[in-house]
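Secondary and tertiary structure notes
As a plain string of letters, each chain reads:
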Amino acid sequence: AQKVTQAQTEISVVEKEDVTLDCVYETRDTTYYLFWYKQPPSGELVFLIRRNSFDEQNEISGRYSWNFQKSTSSFNFTITASQVVDSAVYFCALSELHSGGYQKVTFGTGTKLQVIP
Amino acid sequence: DVKVTQSSRYLVKRTGEKVFLECVQDMDHENMFWYRQDPGLGLRLIYFSYDVKMKEKGDIPEGYSVSREKKERFSLILESASTNQTSMYLCASSTRSGRVRGTQYFGPGTRLLVL
């Protein structure tokens, strides 16, 4: 069974600090996807990134970067120079191809990030 | 851009009422999902559908049913609402093909309060 663990329940940082959100996953499949979503106070989950299990290249998008390491089953998310607008709950998720031909997604319990001005 | 809409942002119902939550997506996605989100528990899958008129139970289907009569619309039904169904309900859709295969896109959510 697949599992996603986000051990950090809440994190507080001061604006402009860097912060890393941890995500550890478990899966028996060799083909899977990993995701990060952002949920601001408004409630809508916003898709941030998808990573294929065959692609271990790290990715950078502006102040966001993601570090995917299959050896440790981790997919960590770093925000550089954090801003107040980054305050949100962040979810890591794992998707496996189900026998029915669809993707079954398992979400972590989320990390609440508070950026203090 | 993918657009997923939900019929209500906030809903207040009384115990025993029948409740309909509707979700519509405009990207011709095959798969649609209903989750509930509760503090400390993350997102839990209630039901999903991978085709019109098809439905599958998720992890917590008890007390819920669903309907998918058209590809773009997926309804969640609480046959007899109870206070323990007070929660945030999130709808999502995804496609099985293409560059964004498997990525779920979410609606704005419905906060349901059952009194």
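Residues numbered from 1 in each chain as written. Chains lettered and ligands numbered in written order. Predicted model: local features only at pLDDT ≥ 70, side-chain atom pairs only at ≥ 80, totals over all residues. Heavy atoms only, no water.

Details of the overall build of chain A
- Helix and strand counts for chain A come out as zero helices and twelve strands.
- Listed by position from the N terminus, the elements making up chain A come as β-β-β-β-β-β-β-β-β-β-β-β.
- Seen along its three principal axes, the alpha-carbon backbone of chain A occupies a region of about 45 × 30 × 20 Å.
- Expressed as a percentage of its 117 residues, the buried residues of chain A come to 44%.
- Across chain A, every contact between residues at least 6 apart in sequence was considered, and the portion connecting residues at least 24 apart equals 55%.
- Surface accessibility of chain A: about 5,700 Å² in total, with carbon and sulfur atoms responsible for 50%.
- The distance from the centre of the 10 positive side-chain charges to the centre of the 13 negative ones in chain A is 4 Å. (Helix = DSSP H or I, 4+ residues; strand = E, 2+ residues; numbered from the N terminus. Buried < 20%, exposed > 50% of the residue type's maximum accessible area, 1.4 Å probe, protein only. Contact = heavy atoms within 4.5 Å. Areas by Shrake-Rupley, 256 points an atom, 1.4 Å probe, with all protein chains shown as cover. Lys, Arg positive; Asp, Glu negative; His and termini not counted. Charge placed at Lys NZ, Arg CZ, Asp CG, Glu CD.)

Topic: the interface of chain A and chain B
- Every contact between the two is made by 21 residues of chain A and, on the other side, 26 residues of chain B.
- Roughly 1,800 Å² of surface becomes buried between chain A and chain B when both sides are summed, with 53% attributable to carbon and sulfur atoms.
- At the boundary of chain A and chain B, one finds zero salt bridges.
- The interface formed by chain A and chain B holds three residue pairs in polar contact (both at pLDDT 80 or more) in total.
- Secondary-structure elements contributing two or more residues to the side of chain A that touches chain B are strand 5 (32–39), strand 6 (46–52), strand 10 (88–97) and strand 11 (103–107) of chain A.
- Per-class residue counts for the side of chain A that touches chain B are eleven nonpolar, seven polar and three charged. (Buried area = accessible area lost by both parts, 1.4 Å probe. Salt bridge = Lys/Arg side-chain N within 4 Å of Asp/Glu carboxyl O. Polar contact = N/O pair within 3.5 Å; in protein donor to acceptor, adjacent residues only side chain to side chain. Nonpolar A, V, L, I, M, F, W, Y, C, P; charged D, E, K, R; others polar.)

Thoughts on the state of the cysteines
Residue and element names in this part refer to chain A.
- Taken as a whole, this structure holds two disulfides over all chains when the rule is applied.
- With its sulfur 1.9 Å from that of its partner, Cys23 forms a disulfide with Cys92. What sets the handedness of the Cys23 and Cys92 disulfide is the S-S torsion sign, and at about -65° it is left-handed. Here Cys23, found in the loop between strand 3 (19–21) and strand 4 (24–26), pairs with Cys92, found in strand 10; they are 69 residues apart in sequence, far enough to count as distant.
- On the basis of relative accessibility, which here comes to 0%, the residue Cys23 falls in the buried class. (Disulfide = S-S within 2.5 Å.)

Structural notes on the pairing of strand 5 of chain A
All names here are of chain A.
- Across the eight residues of strand 5, eight count as buried, placing the element largely inside the fold.
- In terms of strand pairing, strand 5 meets strand 10 through eight bridges, oriented antiparallel. Within the sheet, the bridge partner assigned to Tyr37 lies in strand 10 and is Phe91.
- Taken together, the six bridges between strand 5 and strand 6 define a ladder with antiparallel strand orientation. Following the sheet pairing, Tyr33 is matched in strand 6 by Asn52. (Pairing = 2+ DSSP bridges.)

Remarks on the confidence of the model for chain A
- Here chain A shows a mean pLDDT of 91. Residues at 70 or above account for 96%.
- Across chain A, the secondary-structure element scoring lowest on mean pLDDT is strand 11 of chain A, at 84, and the one scoring highest is strand 3 of chain A, at 98. (pLDDT = per-residue confidence, 0-100.)

Side note on the nonpolar core
- If you look at the biggest cluster of nonpolar residues, it comprises 23 residues, and the most contacted ones within it are Trp36(A), Phe77(A), Tyr90(A) and Leu113(A).
- For this core, the elements supplying multiple residues, two or more each, are strand 2 (10–14), strand 3, strand 5, strand 8 (64–69), strand 9 (74–79), strand 10 and strand 12 (111–116) of chain A.
- Ranked by residue count, the leading element in this core is strand 10 of chain A, at four residues.
- In contact with Leu113(A), other than residues within four places in its own chain, are Ile11(A), Val13(A), Val19(A), Ile79(A), Asp86(A), Ser87(A), Ala88(A) and Tyr90(A).
- Leu11(B), Leu76(B), Ala81(B) and Cys91(B) belong to the second-largest nonpolar core, a separate cluster that totals 21 residues. (Core = buried A, V, L, I, M, F, W, Y, C linked by side-chain atoms within 4.5 Å.)

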